[in-house]
Amino acid sequence: MKKQTLPTIFAADQSPHWTSQHDGIWSRRGADLDAVPTLSILTTLWDQPRWLEAYHLYDDQGSELFEEICELPEYYLTRTENSILEAQAKNIIAAAAVECIVELGAGYSKKTIHLLTEQLRQRGHCLFAPIDVSAAGLIASQAAVRRDFPQIEFHGIHARYDAGFAAVDKNLPTLFVFLGSTIGNFNQTDFPRFFRALAEAMGPNDYLLLGADRVKDKNILQPAYNDSRGITAAFILNVFQNINRLLGGNFAREKMRYHSWFNPEWQQIEMYAVAKENQTIRFPSAKAEFIWQRDERILVEISRKFEANRLQEQLSFIGLQPVAHYSDPQDWFSVLLLRKQAHR
Ligand SMILES: C[S@@+](CC[C@H](N)C(=O)[O-])C[C@H]1O[C@@H](n2cnc3c(N)ncnc32)[C@H](O)[C@@H]1O
């Protein structure tokens, strides 16, 4: 096998673990990104109430549908966060003196362009390492970066967040970027677990830039997750195509409908698939089946909404200190710059 030299973004001890199948895109040697999902799907579908982990949404079709959602008039999140990044990239990069930008759950990295442009302008060089479970997003973002910013050193990491960020060299001053309010998809167990692991993986000169959608009127929130063209419904229900593909299941699109609402107590949008009729869901390869009762809901995704001060305090308990808080004129969305606390 041809020897591959691991780029400098990886810690020295990571060399045996990563390999590049597609030029410039790295994945963990022997990691089967589909094996763990099978276990996750079976356990959460057999839970009460039934639910799914959000990353199953992002097969190639799901990633494309999410890009369409980002363009919808009702989905204010992307354009609001983009406007904040466009206006503040200069200040963000000036405050975070780093050599590398690592983006978690990068998707197509369209908004990150503002940060990359500023990093090049202010420092003259830029290492960029997007991490994503979706290969489609990484390949598209690599093509865009190579076309528009040939000076940028691009290293895509095809992995789940935790495997990706734990592999980054702690001695390389890095800005970790986590946009799109993707943190809203984490439940109350996953949220602290994720940030503790990230803070642990960060080096002493590292920063985190975090996009978080704010609590607001339900008349603005709800249409963003139930658009008039039905793209969000298609995105959410597409997860069952992915499950059928992964597990050989028999979920049928015509036997389910989409339902979403804003739960004010939990301050979260909840997105469900609802059975239109009693049906037996079978996974022959796992020798497993269950009866999905008419009107029974499967929770496919949540999108939690945040109060900026409370979120900053929570993160400071985990060892991530606030540096700056950027927002839009309507205070709809927050972009937080945080720094790893020096001594803990
Ligand atoms: C809500 S989208 C956000 C995309 C982009 N950052 C944005 O702001 O538009 C979430 C992204 O995270 C990726 N993702 C979801 N779960 C992941 C996981 N556990 N590890 C790595 N990537 C994940 C998805 O493939 C998708 O590209």
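Residues numbered from 1 in each chain as written. Predicted model: local features only at pLDDT ≥ 70, side-chain atom pairs only at ≥ 80, totals over all residues.

This paragraph deals with the overall build of the chain. Within the chain, the regular secondary structure consists of 11 helices and 15 strands. The C-alpha radius of gyration computed for the chain amounts to 20 Å, which stays within 12% of the reference 20 Å derived for 344 residues, consistent with globular compactness. Its C-alpha atoms give the chain principal-axis dimensions of about 60 × 55 × 40 Å. Across the 344 residues in the chain, those meeting the buried criterion constitute 39%. Summarising the internal contacts of the chain: among those between residues at least 6 apart in sequence, 73% fall at separations of at least 24. (Helix = DSSP H or I, 4+ residues; strand = E, 2+ residues; numbered from the N terminus. Rg over C-alpha atoms; globule rule 2.2 N^0.38 Å. Buried ≥ 20, exposed ≤ 12 C-beta atoms within 10 Å, placed from the backbone. Contact = placed C-beta atoms within 7 Å.)

Before going further, it helps to examine the pairing of strand E7 (residues 174-178). The buried fraction of E7 amounts to five of the five residues, a majority that puts the element mostly inside the structure. Pairing geometry for strand E3 (residues 100-104) and E7, over four bridges, is parallel. The residue bridging Cys 100 from the neighbouring strand is Thr 174, located in E7. Viewed along the sheet, the connection from E7 through helix H7 (residues 190-201) into strand E8 (residues 207-213) turns out right-handed. (Pairing = 2+ DSSP bridges. Right-handed = clockwise from strand over helix to strand, strands pointing away.)

Ordered in space as E9-E10-E13, the three strands form an open sheet in which the pairing is antiparallel. One side of each edge strand has no neighbouring strand; the edge strands of this open sheet are strand E9 (256-263) and strand E13 (297-304). Within the sheet, the average angular offset between the axes of one strand and its neighbour, ignoring direction, is 20 degrees. Sheet topology note: the E9/strand E10 (residues 268-275) ladder contains eight bridges and is antiparallel. Following the sheet pairing, Tyr 258 is matched in E10 by Ala 273. (Axes fitted to C-alpha atoms, helices over the stretch in contact; angles between N-to-C directions.)

Grouped together as the largest cluster of nonpolar side chains are 84 residues, with contacts concentrated most on Ile 101, Val 102, Ile 131, Phe 165, Phe 176, Val 177 and Leu 209. By residue number, the principal contributor to this core is helix H3 (residues 76-95), which donates six residues. Those residues in contact with Ile 131 that lie beyond four places of it in its chain are Val 102, Glu 103, Leu 104, Ala 106, Ile 157, Ala 159, Tyr 161, Gly 164 and Phe 165. (Core = buried A, V, L, I, M, F, W, Y, C linked by C-beta atoms within 7 Å.)

We now examine the site of the ligand. Surveying the vicinity of the ligand reveals 20 residues, the closest of which are Tyr 55, Tyr 58, Gly 105, Gly 107 and Gly 180. Secondary-structure elements contributing two or more residues to the shell around the ligand are helix H2 (60-70) and strand E4 (127-132). The element contributing the most residues to the shell around the ligand is H2, with three residues. Of the residues contributing to the shell around the ligand, the split by class is 10 nonpolar, eight polar and two charged. In this structure, the shell around the ligand is formed jointly by two domains, domain 1 (12-31 + 75-214 + 306-340) and domain 2 (35-69 + 218-304), each of which donates at least three residues. (Near = placed C-beta within 6 Å. Nonpolar A, V, L, I, M, F, W, Y, C, P; charged D, E, K, R; others polar. Domains from an automatic or database assignment.)

Further remarks concern the domain arrangement of the chain. When cut into domains, the chain gives domain 1 (12-31 + 75-214 + 306-340) and domain 2 (35-69 + 218-304). Put simply, the middle of domain 1 and the middle of domain 2, counted by C-alpha atoms, are 27 Å apart. Each side of the interface is counted separately: domain 1 has 14 residues, and domain 2 has 14 residues. Counting only elements with at least two residues in the side of domain 1 that touches domain 2, the list comes to H3 and helix H5 (135-148). Split by residue class, the side of domain 1 that touches domain 2 holds seven nonpolar, seven polar and no charged.

Let us now look at unusual backbone geometry. With an omega of -5 degrees, the peptide bond between Gln 48 and Pro 49 qualifies as cis. When you line up the elements, Pro 49 lands in the loop between helix H1 (35-45) and H2. Unusually for a residue other than glycine, Gln 267 sits at a positive phi of about 50 degrees. Mapping Gln 267 onto the fold places it in the loop between E9 and E10.

Inspection of H2 places Gly 62, Ser 63, Leu 65 and Phe 66 among the buried residues, and these make up the whole buried set. The buried residues of H2 occupy an angular sector of 165 degrees when projected down its axis, which confines them to one face. Buried residues along H2 sit against H5, helix H9 (231-237) and helix H10 (239-247). (Arc of directions from axis to C-beta.)

So, about the packing of H3 against helix H4 (residues 113-123). Interhelical geometry of H3 versus H4 gives an angle of 40 degrees and a closest axis separation of 9 Å. Looking at the two axes, H3 sits oblique to H4. H3 and H4 meet at a crossing whose hand is right-handed. Of the residues in H4, those in contact with Leu 85, Glu 86, Ala 89, Lys 90, Ile 92, Ile 93 and Ala 94 of H3 are His 114, Leu 115, Thr 117, Glu 118, Gln 119 and Gln 122. Looking at the contact of H3 with H4 residue by residue, the classes come out as six nonpolar, four polar and three charged. (Parallel < 35°, antiparallel > 145°, perpendicular 65-115°, else oblique. Left-handed = near helix turned anticlockwise from the far one by under 90°.)

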